[in-house]
Amino acid sequence: MLENTLRVLVADDIASNRTIVGAFLAHLNCTPLYAADGQEAVDIFRRESPDVVLMDLMMPRMDGFEAIRQIRAMEDERWVPIIIVSALSGEGDIVQGLEIGADDYLAKPLSFPVFAARFKALRRLLDMQRRLSGSLEQVRAVANGVIDGIITAEEDGTILSVNRSACRIFGYTAAEMVGRNLRILMPEPHRSAHDDYLARYVETGEKRVVGQIVEVSGVRKDGSVFPLELGVSDICLPNRRMFIGVVRDVSEARRIQRQLAEDAARLQQYHDESVREQELAMAIMERQVRSDWLRDSAVEYAVMPARNFSGDVVAVARSPGDALYAMLADATGHGLAAAISVLPVLGAFYRGAAANLPVSTLAADLNSMLCGLLPPGRFVAAALVRLEVGSKRGQIWVGGVPDVLRVDDEGRVVQRFVSSQLPLGILPSSEIVPRHEEFAWDAPCQIMLCSDGLTEAENASGEPFGRAGLERALRGSPRGGRVNGLRQALTRHLGHQPAGDDVSVLLLDCAPKDARRV
């Protein structure tokens with residue numbers, strides 16, 4: 001039998017991510033509704049009432065956390081599952097998302113088998129929840145809005161009356177229950193002790209159940225034992241005392257609780273595995289980057305990840321002829337997925353420096369390698385530099401990152417190298433011809449490279465750090481301390497607002513040879 005079509009709200013600010021999720025949903029007989037930010041997601045939820053919500057966390061205008069809060073505030077009795085789908089993998093992000101109302105978490109990039117399995121489980125929960133809701137609505141109609149079993153009994157425990165809900169709960173007809181003792185609804189040892197309990201209560205007023213709502217076990221007609229909530233009140237009439245018991249079968253609720261606990265345990269296991277994978281990837285990357293070359297006195301750098309793991313990489317190397325090579329690379333996306341995309345270029349970069357390649361040849365080699373490795377939609381923006389300090393000449397290739405700047409001793413921009421090349425990994429090198437720019441200098445200067453995470457970093461008012469902020473910070477910092485000056489200027493600009501993307505800066509000193517090396 002064909003499964004009911006689910007209408008799924010997909011909230012993600014990246015169009016390619018929405019397309020991928022939409023393709024997954026189409027294979028699962030689901031209809032996607034797309035939102036490009038949190039505010040649009042809230043509006044679509046209010047207007048369309050979807051069955052499921054897939055929510056990214058980091059989005060413009062309104063992030064996923066606030067969108068989840070607002071959606072939960074709009075809900076009525078109908079449960080709509082909210083699943084976080086995000087590259088954020090820190091424990092705090094996951095816990096915060098679940099605490100404000102999300103029901104589950106899926107990490108990017110998505111695995112279709114895992115995605116499909118989660119949706120099948122979700123369908124079962126939704127079908128179960130809807131069946132339960134429908135059943136409760138029928139009971140309300142039949143019993144004049146009363147959904148619980150109501151049983152009245154004499155002070156000796158003889159059943160006087162039952163409603164239809166009580167009959168349904170225990171599996172008896174009204175004729176089978178009326179006139180019999182309440183003991184038939186209880187398992188041992190409570191069945192044998194019940195008469196003594198009633199007698200003691202009537203004689204002394206000692207309460208164990210009367211006047212409270214407690215969870216106890218009941219026995220159905222077929223002998224099966226199940227959990228139920230029981231509330232008992234007593235009524236003193238002029239000539240007798242009666243007990244009124246309200247019972248509610250909570251076996252389905254307890255089953256759902258167990259299911260949720262098992263789902264939470266699986267989610268925690270998935271998170272723990274993700275953390276271990278990140279630790280392994282970080283260790284691999286640290287082994288790939290030549291940190292000893294980064295300690296060159298001609299080099300200043302900073303890499304500030306927006307998440308637990310950065311997708312930006314800076315690297316420097318010396319050729320056998322002592323030319324200084326430098327690379328700043330920024331892969332698409334965030335976190336571990338971006339870091340894995342940029343990792344392969346490190347080895348090729350060091351090999352190119354060792355071979356003393358021209359920058360354009362090095363860019364072509366890196367591009368060919370990434371075209372063969374990266375899936376469609378993934379690429380690496382980068383800037384490559386080669387400095388021959390002795391002859392005061394250099395080569396620069398810029399593809400997809402902000403303009404590379406040459407600044408003088410006072411931090412003023414004296415030359416700008418614009419991004420005129422495609423990022424690496426988009427088109428085969430046979431279809432493009434990477435070209436570098438040649439330059440020379442006759443006075444002390446520095447070459448400054450940065451990722452767009454720096455220039456696009458927005459403060460709480462939505463104002464980007466921008467080119468003006470970058471050049472102002474360079475002019476306001478002394479030679480030898482400009483990277484630290486940029487870091488401080490960015491911190492002041494952001495205030496308490498976190499950076500939305502990884503931020504990396506690389507500064508190369510065009511100084512005489514004897515002043516460069518440690």
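Treat the numbers as computed from the prediction; the structure is a model and nothing was measured.

A. Broad picture of the pattern of salt bridges. In total, this model carries 25 salt bridges according to the counting rule given. D403 serves as the salt-bridge partner of R416, at 3.8 Å between the closest nitrogen and oxygen. Within this pair, whereas R416 is found in strand β17 (residues 413-417), its partner D403 is found in the loop between β15 (393-399) and β16 (404-408), the two being separated by 13 residues in sequence. Exposure remark for R416: the relative accessible area of 29% places this residue in the partly exposed category. A salt bridge links D408 to R412; its shortest N-O distance comes to 3.2 Å.

B. Just the environment of G64, in detail. Secondary-structure assignment places G64 in helix α3 (residues 64-74). A C-alpha to C-alpha distance of 8.2 Å links G64 and A11, two positions 53 residues apart in sequence.

C. Up close: α3. Turning to α3, its buried residues are G64, F65, A67, I68, I71 and R72. Seen from one end, α3 has its buried residues packed into an arc of 160°, which puts them on one side. Contacts made by the buried residues of α3 are with α2 (38-48), β3 (52-55), β4 (82-86) and α4 (91-99). Where α3 begins, one side-chain oxygen reaches toward the backbone nitrogen of F65, 3.3 Å away; that side chain belongs to D63.

D. View of α2. Along α2, the residues classified as buried are G38, A41, V42, I44 and F45. Buried residues of α2, seen end-on, are gathered within an arc of 165° and therefore sit on one face of the element. Exposed residues on α2 whose side chains face more than 90 degrees from its buried face are R46 and R47. Among the structural elements, β1 (6-11), β2 (30-35), β3 and α3 are those in contact with the buried residues of α2.

E. Fine view of the pairing of β1. A large share of β1 lies buried, amounting to five of its six residues. Where β1 and β2 come together, six bridges link them in parallel fashion. If you follow A11 over to β2, its bridge partner there is A35. Between β1 and its parallel partner β2, the chain crosses via helix α1 (residues 15-27), and the hand of that crossover is right-handed. Direction of pairing for β1 relative to β3: parallel, over a ladder of four bridges. Within β3, the position partnered with A11 by the bridge is M55.

F. The environment of G372, seen in detail. Tracing the backbone shows G372 in helix α13 (residues 359-373). Since its relative accessible area comes to 64%, G372 is described here as exposed. Distance in space between the C-alpha atoms of G372 and G425 is 8.0 Å, their sequence separation being 53 residues.

G. Region of interest: the sheet that holds β4. The five strands lie next to each other as β2-β1-β3-β4-β5, forming an open sheet whose pairing is parallel. With partners counted over all chains shown, the strands left at the sheet margins are β2 and β5 (104-107), one partner each. This sheet shows a mean twist of 25° between the axes of neighbouring strands, independent of strand direction. Against the sheet, α3 contacts β3 and β4, and its axis sits at roughly 160° relative to β3.

H. Inspection of the packing of aromatic side chains at higher detail. For the coordinates displayed, the defined rule picks out seven aromatic pairs. Relative to F226, the ring of F170 has its centre 5.8 Å away and its plane inclined at 65°; by these criteria the two rings are edge-to-face. Pair noted here: F170 is in helix α6 (residues 164-170) and F226 is in strand β9 (residues 225-236), with a separation of 56 residues, a long-range link. With respect to burial, F170 and F226 carry one shared label: buried. The interplanar angle of 35° and the centroid separation of 5.9 Å between the aromatic rings of F439 and W441 together place this pair among those described as tilted. One exposure class covers both F439 and W441, and it is buried. Above the plane of the ring of F226 lies R220, whose end atom (NZ or CZ) is 3.9 Å from the centre.

I. Just the packing of helix α15 (residues 466-475) against helix α16 (residues 482-494), in detail. Two elements in contact, α15 and α16, have axes whose closest approach is 9 Å; the angle formed by their N-to-C orientations is 130°. In this view, α15 runs oblique relative to α16, as classed from their interaxial angle. As α15 runs across α16, the sense of the crossing is right-handed. Here L470, A473 and L474 of α15 come into contact with α16, specifically with R482, L486 and A489.

J. Examining the confidence of the model for the chain more closely. Within the chain, residue pLDDT values average 82, and 86% of them lie at 70 or more. Taken as a whole, residues 512-518 scores under 50 in pLDDT and shows 18 contacts with residues more than four places along the chain or in a different chain.

K. Region of the structure containing a nonpolar patch on the surface. On the surface, L422, I426 and L427 cluster together to form a nonpolar patch covering roughly 210 Å² of accessible area. Residue position: L422 is located in the loop between β17 and β18 (437-440). Residue L422 is classed as partly exposed on the basis of its relative accessible area, which comes to 37%.

L. Inspection of the sheet that holds β18 at higher detail. An order of β12-β13-β14-β15-β18 is seen for the five strands of this open sheet, with the pairing classed as antiparallel. In this open sheet, the two edge strands, each paired with only one partner strand, are β12 (312-318) and β18. Geometrically, the sheet is characterised by an average inter-axis angle of 15° between neighbouring strands, direction not taken into account. Across eight bridges, the pairing between strand β13 (residues 324-331) and strand β14 (residues 380-388) is antiparallel. Pairing of A326 across the sheet is with V385, part of β14. Contacts from helix α12 (residues 344-354) reach β12, β13 and β14, with the element oriented near 20° to β12. Across the sheet, α13 is in contact with β13, β14 and β15; its angle to β14 comes to roughly 155°.

What counts and what doesn't
- Residues numbered from 1 in each chain as written.
- Predicted model: local features only at pLDDT ≥ 70, side-chain atom pairs only at ≥ 80, totals over all residues.
- Heavy atoms only, no water.
- Salt bridge = Lys/Arg side-chain N within 4 Å of Asp/Glu carboxyl O.
- Helix = DSSP H or I, 4+ residues; strand = E, 2+ residues; numbered from the N terminus.
- Buried < 20%, exposed > 50% of the residue type's maximum accessible area, 1.4 Å probe, protein only.
- Arc of directions from axis to C-beta.
- Contact = heavy atoms within 4.5 Å.
- Polar contact = N/O pair within 3.5 Å; in protein donor to acceptor, adjacent residues only side chain to side chain.
- Pairing = 2+ DSSP bridges.
- Right-handed = clockwise from strand over helix to strand, strands pointing away.
- Axes fitted to C-alpha atoms, helices over the stretch in contact; angles between N-to-C directions.
- Phe/Tyr/Trp six-rings, centres within 6.5 Å; stacked < 30°, edge-to-face > 60°.
- Lys NZ or Arg CZ within 6 Å of the ring centre and 35° of its normal.
- Parallel < 35°, antiparallel > 145°, perpendicular 65-115°, else oblique.
- Left-handed = near helix turned anticlockwise from the far one by under 90°.
- pLDDT = per-residue confidence, 0-100.
- Patch = residues over 30% accessible without salt bridge, like charges linked within 9 Å, V, L, I, M, F, W, Y side chains within 5 Å.
- Areas by Shrake-Rupley, 256 points an atom, 1.4 Å probe, with all protein chains shown as cover.

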